[in-house]
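Understanding the architecture of this molecule
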Amino acid sequence: MLSDSIFEGLNPEQRQAVENTEGPSLVLAGAGSGKTRVLTSRIAYLIGGCGIPSESILAVTFTNKAAGEMKERVGKLLGPEASDLAIGTFHSICVRILRREIGHLGRSRGFVIYDDADSLGVIKEVLRRNDLDPKAHDPRRIRWRIDQWKNAGTLPAGAMEAAYDIDDELSARIYAGYQRMLLDANALDFGDIILATVQLFRQHPRVLEFYQRRWQYILVDEYQDTNGVQYELVHLLAAEHRNLCVVGDPDQSIYAWRGANVRNILEFENDYSEARVIKLERNYRSTQPILTAASAVVSNNVARRDKRLVTEREGGDPIHIFEAEDDREEAQFVVRRMLQAKGDGESFGGCAVLYRTNAQSRALEEELLKYDVPYTVVGGVRFYDRAEIKDAMAYLRLLVNPLDDQALRRIVNRPTRGIGKTTMERASERAAEQELTLLDALGQTAASGGGRTGTKVRAFLTMIEALREDMSQLPLDQLIGRILDQSGYLDALIKEATPEAESRRDNLLELMASARDFDAANADLSDEDRTVLDLFLDQVALISDLDQWEDRSDRVSLMTVHSAKGLEFPYVFLVGLEERIFPHASSSGDEESLEEERRLCYVAMTRAMDRLFITHASARMRYGERSFQSPSRFLDEIPDGLVERLESRRPRSSTRSSSGSRRESSFDYSYSQEASGGDGEIQPGTRVRHPVFGVGEIIEVQGAGLNQKLKIRFERAGLKTVVVRYANLEMA
DNA sequence: GCTATTGTGTTCGTG
DNA sequence: ACACAATAGC
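These notes cover the structure that comes with them. Computed from a predicted structure; not experimentally measured. (Residues numbered from 1 in each chain as written. Chains lettered and ligands numbered in written order. Predicted model: local features only at pLDDT ≥ 70, side-chain atom pairs only at ≥ 80, totals over all residues. Heavy atoms only, no water.)

What follows concerns the overall build of chain A. From N to C terminus, chain A includes 31 helices and 23 strands. Within chain A, the proportion of its 732 residues that are buried is 52%. Long-range contacts, defined as pairs at least 24 residues apart, comprise 73% of the intrachain contacts of chain A with a sequence gap of at least 6. Carbon and sulfur atoms provide 47% of the accessible area of chain A, an area that totals close to 33,200 Å². (Helix = DSSP H or I, 4+ residues; strand = E, 2+ residues; numbered from the N terminus. Buried < 20%, exposed > 50% of the residue type's maximum accessible area, 1.4 Å probe, protein only. Contact = heavy atoms within 4.5 Å. Areas by Shrake-Rupley, 256 points an atom, 1.4 Å probe, with all protein chains shown as cover.)

Written as structure tokens, this is what we have:
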């Protein structure tokens, strides 16, 4: 009877995918074909229909959000029976394994997780210690290279062997030094989390056996995006029972740049000859024009397995394509159409703007602000990446793990307490010579050093010691409070007395609030060797930006196409469809990456349920310069019959008279009506209001007519030169 | 050791 | 256009 409710509403193929529990199966799930539904139903069926204990099931996803969603939906179907289910991202699952087992690799279980900034710091330190110039050897490129090796499952020794030139060999040498330093700091970077788990299983068959027996049923979501190590991990775990179900869509493979290998899904049937293949080709999301257009674009890929997606939805509006003069007009178009949609009864939450690169959000944000449209940007600077949050977290990390050199470096002089570069450089040298941790090296400075430096370092170390005492006594949020208090961090912010400082204080309060929530929710998960603080640090380290994005019915979402994967919106605005942006410049001339761009475009288009607007601009600001753009080749790949082209209604520059113009269009551009109206009000001394910079006073008038510029001193933003035509000035 | 100034790269995407 | 890092000057 429980089975009945599980199967309710599934189509025959979905039902097959759910029922076919034994042996390997490959579910090719087209966009919008109810993939999540299948995964959750399958888990529910395994537990509620087949009586498999929930602790025997492992489900791996790519984002915490997807994992959370799945957990919630399974929980709804089954209740508490699902509680021992292992659902998580590759990273969170592996961290859990390593926290138990990393001792087998001769390491300590109290490791910390280094983020990108930390690992870049380590690479710079390795360069320094080897007397290498960071200008000749770009630390970011080296980190990139190391990450590639880790994604492919290659250890330093292997990298050294495989290095193809002098430069690559150097990167391999840095890789070795880098791993050494991570080991000394008892830290793992993101790549290590997976790689170390695979190493553990490679070297310790008995440990592997334990997990093979434990997880008799394995499900992997977004299988087309798995990389080399993840592939190996899955295969090791599934080797014994072979009950492996992978779900994915080769057309949505968009992570080759970070080591994902489409081969993994394309070759699944070769890896498992007995595999059952199930195709989900019914789309429940998009209208016919949207689906047909997206399919037409992606069908231009040569390296592709053909697939027909059929929508269950009839009718639907054509795709609207709009050519704007520049990025500002593009943004205005988007905002206008959103307001219109709102008028038609759609909520702002049903609207999303998708772009290829994060930098494109700026123009859109300015326009949204101007029209008071509420919005959220997914990506960009995330909460846990803000300086003040990372500072607070670094204090916590240092308390937990005195070996964490990167955390120490971060907070040793924050707020400034007179422990500067020279002191740290000396300590760092001492640490390298005597094989000490940075903290112990500082301890020596304190013991031996007299004078000002000695006093300051002693004071700092005393404070850290005192805080370490508090660590075990106080609940999480109060511990953070104590840190901010004792370190003088809060006082420094209060003294600063700027709006920015105030917002940083707000963020820290928010961090404390989320620590309190976390404490309450996870108190029962801690034990003698994993405190709530340890768990909190893991969680924060593995959080992604998308995880914080929540459906808010009252806000428009702005995000990259990559972030949008797996999401859907009634209204989608896909902007910046121009050569060198989408497809991105880096893919030119390379057929493989061009095909990935095309798949990315497919992903973008298939996010739309009801309406899809695609825009491109003939010119836009890039790197502070005006750059002329040509329409994306992908636009030509959309069949004409599905498209309605919209004209820019802003008069072309060439057709405009040079003197002040009336508004000739129904577009209500409010720019410079007063200012360029010829009322003689443009003169130095006039006070004006700019939508972004605020109120200011005109200092100088440059030129006349269309390209007239004004030099304005803004009260808050300082001195700026603006073009009257584009500045949207009002009299103040 | 701290602050202001200059210089540089950034804008492909993530856990 | 902007953010961050390196450098110079105090």
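The next point concerns the layout of surface pockets. Put simply, the second largest pocket is a space of about 1,500 Å³. Surrounding the second largest pocket, 38 residues form its lining, Ser92, Arg96, Asn522, Leu525 and Leu535 being those nearest its centre. Listing elements by their share of the lining of the second largest pocket, those giving two or more residues are α4 (64–78), β3 (86–89), α5 (90–101), α11 (205–214), α25 (499–522) and α26 (532–542). By residue number, the principal contributor to the lining of the second largest pocket is α5, which donates seven residues. Classifying every residue of the lining of the second largest pocket gives 17 nonpolar, seven polar and 14 charged. (1 Å grid on protein atoms, 1.4 Å probe; cavity = no way out; pocket = protein on both sides within 12 Å on 5 of 7 lines; lining within 4 Å. Points joined across faces, edges and corners; volume = space filled by probe spheres on them. Nonpolar A, V, L, I, M, F, W, Y, C, P; charged D, E, K, R; others polar.)

In this description, a pair of aromatic rings is defined by centroid distance and the angle of the planes. Inspection of every chain in the model, using the stated rule, returns 15 aromatic pairs. Ring geometry for Phe333 against Phe613: centres 6.2 Å apart, planes inclined by 70 degrees, an arrangement best described as edge-to-face. Here Phe333, found in helix α16 (residues 327–343), pairs with Phe613, found in strand β16 (residues 608–622); they are 280 residues apart in sequence, far enough to count as distant. For Phe333, a relative accessible area of 4% gives the class buried. (Phe/Tyr/Trp six-rings, centres within 6.5 Å; stacked < 30°, edge-to-face > 60°.)

Near DNA strand B, the surroundings consist of 29 residues, among which Trp257, Arg356, Asn358, Thr423 and His584 are the closest. Within 4 Å of the protein, the atoms of DNA strand B are drawn from sugar and phosphate moieties in a proportion of 47%. One nitrogen or oxygen atom from the side chain of Arg258 is found 3.0 Å from a sugar or linking oxygen belonging to DNA strand B. Here a phosphate oxygen of DNA strand B and a side-chain polar atom of His584 are 2.8 Å apart. When contributions to the surface near DNA strand B are tallied by element, the ones reaching two or more residues are α20 (421–434) and α28 (561–564). In terms of residues, the surface near DNA strand B owes the most to one element, α20, which gives three residues. (Near = heavy atom within 4 Å. Polar contact = N/O pair within 3.5 Å; in protein donor to acceptor, adjacent residues only side chain to side chain.)

Time to look at the packing of helix α3 (residues 35–49) against α4. As a packed pair, α3 and α4 sit with axes 9 Å apart at the nearest point and diverge in direction by 45 degrees. In terms of their interaxial angle, α3 and α4 are classed as oblique. Between α3 and α4 the crossing geometry is right-handed. Note on element contacts: α4 touches α3 through Glu69, Met70, Arg73, Val74, Leu77 and Leu78, opposite Thr36, Arg37, Leu39, Thr40, Ile43, Ala44, Ile47 and Gly48. Looking at side-chain class alone, the contact of α3 with α4 contains eight nonpolar, three polar and three charged residues. (Axes fitted to C-alpha atoms, helices over the stretch in contact; angles between N-to-C directions. Parallel < 35°, antiparallel > 145°, perpendicular 65-115°, else oblique. Left-handed = near helix turned anticlockwise from the far one by under 90°.)

Turning next to helix α10 (residues 190–203). Between its first and last C-alpha, α10 extends 21 Å over 14 residues, near the 20 Å set by a 1.5 Å rise per residue. Across the 14 residues that make up α10, a large majority, eleven, are buried. When we look at burial in α10, the residues that qualify are Gly191, Asp192, Ile193, Ile194, Leu195, Ala196, Thr197, Val198, Gln199, Leu200 and Phe201. (Expected span 1.5 Å × (residues − 1).)

Scanning the entire structure with this criterion turns up three cavities of 30 Å³ or more. Reported here for the largest cavity is a volume of approximately 110 Å³. Split into classes, the residues belonging to the lining of the largest cavity amount to three nonpolar, one polar and seven charged. As for the second largest cavity, its lining consists of Leu58, Val60, Thr89, Phe90, Ile93, Cys94, Ile97, Ile218, Leu233, Val234 and Leu237. The element that contributes the greatest number of residues to the lining of the second largest cavity is α5, accounting for four residues. Residues that form the lining of the second largest cavity fall into these classes: ten nonpolar, one polar and no charged.

Our next topic: the packing of helix α21 (residues 438–448) against helix α22 (residues 451–473). Following both chains from N to C, one finds α21 and α22 inclined at 130 degrees, their axes separated by 8 Å at the closest point. When the axes of α21 and α22 are compared, the pair comes out oblique. For the element pair α21 and α22, the recorded crossing hand is left-handed. Of α22, the residues touching α21 (which contributes Leu439, Leu442, Gly443 and Ala446) are Gly454, Val457, Arg458, Phe460, Leu461 and Arg468. When its residues are assigned to classes, the contact of α21 with α22 shows six nonpolar, two polar and two charged.

Turning next to the sheet that holds strand β7 (residues 244–248). Taken in spatial order, the six strands make up an open sheet running β3-β2-β6-β7-β1-β8, and their pairing is parallel. Both outer strands of the open sheet, β3 and β8 (276–280), are each paired with one neighbouring strand and no more. With strand direction ignored, the average angle separating the axes of adjacent strands in the sheet is 15 degrees. Where strand β6 (residues 217–220) lies against β7, three bridges are found, and the strand directions are parallel. Note that in β7 the partner of Ile218 across the bridge is Leu244. Lying on the sheet, helix α2 (residues 12–19) is in contact with β1 (25–29) and β8; it crosses β8 at an angle near 145 degrees. Contacts from helix α12 (residues 228–238) reach β2 (57–61), β6 and β7 within the one sheet, and its direction differs from that of β6 by about 160 degrees. (Pairing = 2+ DSSP bridges.)

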